[in-house]
Amino acid sequence: MNAAIAASIGDVIAEDAESLAALHDRELTADMIAALREADFPACLGLMPATAGAVEAWQAMAEGVAHLPVGITPADLDALAAEYAAIYLTGAYGASPHESVWTDDDHLTCQAAMFQWRDIHAAAGLATPDWRQRPDDHLVLQLLHLAKAARRAATADSWRRLAALLDEHTLRWLPEFAARVAARGESPFYAGLAVLTAAWVNGVRDLMATQLDEPRPTREEIEARLRPTPGATEQPVAFMPGAHGPSW
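Residues numbered from 1 in each chain as written. Predicted model: local features only at pLDDT ≥ 70, side-chain atom pairs only at ≥ 80, totals over all residues. Heavy atoms only, no water.

J.: In this structure, what is going on with the packing of helix α8 (residues 156–184) against helix α9 (residues 188–212)? I would like to understand it.
T.: Helix-helix packing: each pair is described by the crossing angle between the helix axes and the interaxial distance. Contact pair α8 / α9: the axes reach a minimum separation of 9 Å and the direction vectors enclose 155°. For the element pair α8 / α9, the angle class is roughly antiparallel. As for how α8 packs across α9, the hand of that crossing is left-handed. Residues belonging to the contact of α8 with α9 are distributed by class as follows: 21 nonpolar, three polar and three charged. (Axes fitted to C-alpha atoms, helices over the stretch in contact; angles between N-to-C directions. Helix = DSSP H or I, 4+ residues; strand = E, 2+ residues; numbered from the N terminus. Parallel < 35°, antiparallel > 145°, perpendicular 65-115°, else oblique. Left-handed = near helix turned anticlockwise from the far one by under 90°. Nonpolar A, V, L, I, M, F, W, Y, C, P; charged D, E, K, R; others polar.)

Quick look at the structure:
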């Protein structure tokens, strides 16, 4: 992978990831809605769809933005805030933004994936501002980590590590999260956002495979390499409070 090409790709990926993270991060405001319309979101994203499925995701997001009221009222914002809460805060739709819930056998939050992401963030010099409010494996933090890693990626090996991170973490659960939000949610905007985000991350992974000239592993291959080796003793997960490094 050419270093100059990698740098330009990394910047595009980072900017898109930060834009998506901001929309998952908090309830919509009138100013945010105006900015989405002014930017012609999602047509403003740097990484554009390359497959039929991705085109459908971009169209769903465009329709979700178009569905937002032009003359937004406090009642409209309250309805959008309630939908945000149902997805990201209360679990009303059973579509958690935390990886642990999707990968833990008992579907609990703050499990192994959270501690794995804590180590991943720490290795990159990052830390979650408050894990009690937003655990380390939250979708927003995964997107922000992707942005940071993409900007820093300068070698083929660094891109391979980032590709493996998507394979072994984000893409193991994000498609199912998106499908559930789309099936159970009431807001075309948040349904579109979930589907777009999953399609965008998948597109990033496809781009990495193309640039590295290395085929993506199958789901079965990924699960096999994550499976504990025979005879390995699983260590209990322990949490040591404090000692947080720099945060986002």
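J.: How should I be thinking about the packing of aromatic side chains in this particular structure?
T.: The way to describe two aromatic rings as a pair is by their centre distance and the angle between their planes. According to the stated counting rule, one finds six aromatic pairs in the structure shown. Here Y88 and F177 contribute two aromatic rings whose centre-to-centre distance is 6.5 Å and whose plane-to-plane angle is 55°, an arrangement assigned as tilted. You can see Y88 sitting in helix α4 (residues 74–88) and its partner F177 sitting in helix α8, a full 89 residues away along the chain. Grouping residues by exposure puts Y88 and F177 together as buried. Here the aromatic cluster, defined as three or more aromatic residues joined through ring pairs, consists of Y84, Y88, W173, F177, F189 and Y190. (Phe/Tyr/Trp six-rings, centres within 6.5 Å; stacked < 30°, edge-to-face > 60°. Buried < 20%, exposed > 50% of the residue type's maximum accessible area, 1.4 Å probe, protein only.)

J.: I'm lost on the pattern of salt bridges in this one. Help?
T.: Close approach of charged atoms lets side chains of opposite charge pair. Within the structure shown, the criterion is met by 12 salt bridges. The closest approach of N and O atoms between R151 and E18, which form a salt bridge, is 2.5 Å. Taken together, the residues R151 in helix α7 (residues 139–152) and E18 in helix α1 (residues 3–25) connect sequence positions 133 residues apart. We classify R151 as partly exposed; its relative accessible area is 40%. Notably, a salt bridge pairs E223 with R172, separated by 3.0 Å at the nearest N-O pair. Of this pair, E223 sits in helix α10 (residues 219–226) while R172 sits in helix α8; the two residues are 51 residues apart in sequence, bridging distant segments of the chain. (Salt bridge = Lys/Arg side-chain N within 4 Å of Asp/Glu carboxyl O.)

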